[in-house]
Protein chains: 2
Amino acid sequence: MDKELKKNLALVTDTLKEANLYYHACHVLGYDQQTIAPKKAREAQGETSAFLGNKGFQLVKSKKFIKAAEYLYENRADLGKYDSVLAKSLHREYQRVKRITPKMQHEFSLIYNKAFVDWLNAKEASDFSIFEKSLGKVREIELKQIALEKVHRNTTYDALLDHYERGMTENILDETFGTCKERLLPLLEKIKKSKKQIRRDFMSRTVPEEAQRRMAKYLLNLICFDFERGAITTTEHPFMDDIAVDDIRVTTHYYEDNFASSMFSVLHEGGHALFGQNTPRVHYKHFIEGEKTLGMHESVSRFYENRIGRSKAFIDLVYDKCKEIFPEVFADASAEEFYEAVNVVNPSLIRIEADEFTYTFHIIIRYELEKMIINEGVKISDLPRLWADKYEEYLGVRPDSDKTGVLQDVHWSGGFGYFPTYALGNMYNAMYINKMKEKYDINKLISGGNFDIISDWMTKHVYKKADRLEPQEWIRDITGRAFTPKDYLDYLEEKFGAIYGLS
Amino acid sequence: MDKELKKNLALVTDTLKEANLYYHACHVLGYDQQTIAPKKAREAQGETSAFLGNKGFQLVKSKKFIKAAEYLYENRADLGKYDSVLAKSLHREYQRVKRITPKMQHEFSLIYNKAFVDWLNAKEASDFSIFEKSLGKVREIELKQIALEKVHRNTTYDALLDHYERGMTENILDETFGTCKERLLPLLEKIKKSKKQIRRDFMSRTVPEEAQRRMAKYLLNLICFDFERGAITTTEHPFMDDIAVDDIRVTTHYYEDNFASSMFSVLHEGGHALFGQNTPRVHYKHFIEGEKTLGMHESVSRFYENRIGRSKAFIDLVYDKCKEIFPEVFADASAEEFYEAVNVVNPSLIRIEADEFTYTFHIIIRYELEKMIINEGVKISDLPRLWADKYEEYLGVRPDSDKTGVLQDVHWSGGFGYFPTYALGNMYNAMYINKMKEKYDINKLISGGNFDIISDWMTKHVYKKADRLEPQEWIRDITGRAFTPKDYLDYLEEKFGAIYGLS
């Protein structure tokens, strides 16, 4: 590396180190805001966070920094493998925010923050009108940012998708979701007609929060979550926050009449957290730990939630512990009944409570609405109705409140284009699980409690290059094949065909 | 107000507003660090906090700011009553840190932060040697700061006291604690010899954390804590954090075999929190909400913890609720027995678990050690032994571990001179309670659950001027009398004389 390159790299590195101190604080503030902060404190926290985020933004928007970063990009061939990823990422980000001034960025973050607070309050009151105005503003600034980006995409929505899953397009998603509908809708009809009786009465038995806390810790320990480098706490809408290299947090929500909700949300967020905890430390050192896309991330979270958590082997493994911690629930319910109950296909209103089979429809609904919002400019005030119509169309259920309908998810307060990554995650993991099967009998690993082996395989194959490859390269690198929903749909057909005796 | 003054005031106000954004983030980071952050994340959090705190410090250390602030001070006679307090405070602070550069300040905060983390780890491991080096450094920088302050005090320790309780001196404390020893030590001997039997077996019965959480919320609601502007969470060492005007937090620790510990810590921190929540909003607007001293603060926390919480009227009031939430505990224990149990005089090792009577000795011990540390330069490595000797001397007990001895309290990781404020708090509240009694029968208010009336009286008499007056002016303003430990000692003699049948 020549002297000039070295100098520019040092400038970039030092600046990012400083910017990260601001972002670190923003992370902690955001986490606090969503977990502990009292209601009336939320807005001020958002303002502080916007101020600090803007300080970081100013650093990476300085002429000196941009010049150095662009120099790295031009000379990326001479950089090491991590720094060249950083150079590409900084260039991409620079192209994206080139025309966005710090002042605009600050305005935008205040709008997102206000939208988040309004969403919280709206959901609490189950009243969309509290959120409506903010949501309209979010759409406005999302469109504004896309316009300023001047990227060349087929549609505006494609540009938004790119923020969450680089290279993803409406074309791919239309085809993917089209195949899903073709294969899953007829099966859903068969399942609905099936005579299979699945017991669920015990699933709503009252379980004190304290017992659920114990279960959450047990599950996280089981899947190899490191509590010295992470924590778990409660929130309204569960999420994972990778605050820092040694600070990866899981959040969950405990419902006394739905113990399984927190069990599976803990496995889901725990999966996200394992991805964070097993990201190579060298990625943090080179500031590329955040390159992984959301589709990659959701592939891991949903791997732990569903492919592990809702498998027969896992339920058999944890059944005795469940019986010990929740004696009221399992006094007269067998492991087999528990397995069936957590896999019952039940078209319902809440995405995060959805069964594995109907889940994709929750995403398709949101995907179709997002396209309408962004590409077709539907009226924001029509969303509660449009939402309800879509649920009726695909799942035959209709929300009777905003809280169980359009207000259930936080995501839109932060923008559009996130949801498809959940479905992509399911499809990615179905592909790499088939790869894992070439080496291991996964059910045997689960039955034996060998989550360390699973975690090692994931680290080596799934996590290791996630920050360095584009999603489509990454899945091909792991599996040797191009992205396809086929593995996932095969899996769903086989699993639910067996449960409902349809095969 | 003339144009020049107005201009300078605006500059000061705008700068403080910006600095407060940094401090707000530091507060949240510090809170997080002490409550949820995983072990390995603590140090990085401290570094971020030190960085941001330093940004705030730089703002108030800028020549422009100092010039404007000094202008306000010189012209304080023309300022409104709040702004003149601010001008005096800024001048005092300026005098204090005049010779401390931002670089030094940053070094200092890293040392305090490291000491805090080392203390946490040392306490966990019950090993003073982990903390020793850091504590030595804390002493070093405390002495360095005092030297740089160049204030004229009789002793170095007086200068430290001044940080926590302005105007307080060794002379006053020596006399005050001398009186305490004179009056309390003979009584302690009598109590020790008393034949009074107090039942305590039920106090260590196992109570699940969940039930204690319910109790904590009940107590905070009872004393009029506002949950929309505050929160409660768990920590190792309970504290209150007034993060922002609408964000006042209480923390506590739940021990399954000591339910009373969290009850009284909640009342204590709840008292602090009420002081914060009832501080006039206008004080925040004028940046003087932090002028109140720790002695004032402790007077309120210990008012709620002891004068209310450990009174017969209060125990009678909450007894039924206790029986409902902790049925295992109170199945065979009466309200009378509960009252006596929470007031048993039992010379013991842990300050925050101490009874009201022996509490002052825990403070005297720390006070005498602090003077030795600061004025006499004792060897840090001798502290565990010196600590144990003092406990043996005054209370006849000797810690068998660092955890139950010298490591029990967090305070020294942040410097010296804090502890006396706890004792002063007891003496202040004894004085103003006698004032309150001129208007109300306090026991009647407590029995009737009229905590709103108590809170209103406190707001009007105790909180309202706390940010505007020096401690000695403040107590005289409330009571019409000069500071004296007499009211407190009279109270202790009467209460414990009655309990132990000595009167």
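Residues numbered from 1 in each chain as written. Chains lettered and ligands numbered in written order. Predicted model: local features only at pLDDT ≥ 70, side-chain atom pairs only at ≥ 80, totals over all residues.

**Q** Before we move on, could you go through the overall build of chain A and cite the residues and values that matter?
**A** Looking only at helices and strands, chain A features 22 helices and 3 strands. Expected size for 503 residues packed as a compact globule is a radius of gyration near 23 Å; at 23 Å, chain A falls within 12% of this value. C-alpha extents for chain A along the principal axes are approximately 70 × 50 × 45 Å. Residues counted as buried form 45% of the 503 residues belonging to chain A. Considering only residue pairs separated by 6 or more positions, chain A has 72% of its internal contacts joining residues 24 or more positions apart. (Helix = DSSP H or I, 4+ residues; strand = E, 2+ residues; numbered from the N terminus. Rg over C-alpha atoms; globule rule 2.2 N^0.38 Å. Buried ≥ 20, exposed ≤ 12 C-beta atoms within 10 Å, placed from the backbone. Contact = placed C-beta atoms within 7 Å.)

**Q** I'd love a proper account of the domain arrangement of chain A, names of residues and values included.
**A** Residue and element names in this part refer to chain A. By domain assignment, chain A separates into domain 1 (3-150) and domain 2 (170-499). Once you take the C-alpha centre of each, domain 1 and domain 2 turn out to be 27 Å apart. Between domain 1 and domain 2, the residue contacts involve 29 residues of the former and 31 residues of the latter. (Domains from an automatic or database assignment.)

**Q** So what's going on with the sheet that holds strand S2 (residues 240-244) of chain B? Which residues, and what values?
**A** Residue and element names in this part refer to chain B. If you trace the 3 strands from one edge of the open sheet to the other, you get S1-S3-S2, paired in mixed fashion. Of all strands in the sheet, those with a lone pairing partner are strand S1 (230-234) and S2, marking the two edges. Shown here is a sheet whose adjacent strand axes are inclined to one another by a mean of 25 degrees, direction ignored. In terms of strand pairing, S1 meets strand S3 (residues 247-252) through 5 bridges, oriented parallel. Residue Thr234 lies in a different strand from S3, and its bridge partner there is Thr252. Contacts from helix H10 (residues 259-277) reach S1, S2 and S3 within the one sheet, and its direction differs from that of S3 by about 165 degrees. (Pairing = 2+ DSSP bridges. Axes fitted to C-alpha atoms, helices over the stretch in contact; angles between N-to-C directions.)

**Q** So what's going on with the relation of the copies chain B and chain A? Which residues, and what values?
**A** The two copies are related by a screw motion: chain B maps onto chain A through a turn of 180 degrees and a shift of 0.0 Å along the axis, at an RMSD of 0.0 Å. Here the copies are linked by what is in effect a two-fold axis. The C-alpha atom lying nearest the rotation axis in chain B is that of Glu210 of chain B; the distance is 3.0 Å. The fraction of interface residues of chain B whose copies in chain A are also interface residues reaches 100%, indicating that both copies meet through the same surface. (Least-squares fit on C-alpha atoms with pLDDT ≥ 70 in both.)

**Q** An account of the interface of chain B and chain A is needed here, citing residue identities and associated values.
**A** With 28 residues of chain B at the contact, the number on the chain A side is 28 residues. When contributions to the side of chain B that touches chain A are tallied by element, the ones reaching two or more residues are helix H1 (3-35), helix H2 (42-61), helix H9 (209-222) and S1 of chain B. Considering every element that reaches the side of chain B that touches chain A, the biggest residue donor is H1 of chain B, with 6 residues.

**Q** Which residues make up helix H12 (residues 294-308) of chain A, and what are the values?
**A** Residues and elements named next belong to chain A. Helix length check: H12 (15 residues) gives 20 Å between terminal C-alpha atoms against 21 Å at 1.5 Å per residue, within 8%. Arg302 marks the point of greatest bend in H12, at about 35 degrees. Taken across its 15 residues, H12 has 15 buried, putting it largely inside the fold. (Expected span 1.5 Å × (residues − 1). Bend = angle between axes of the 7 residues up to and from the residue.)

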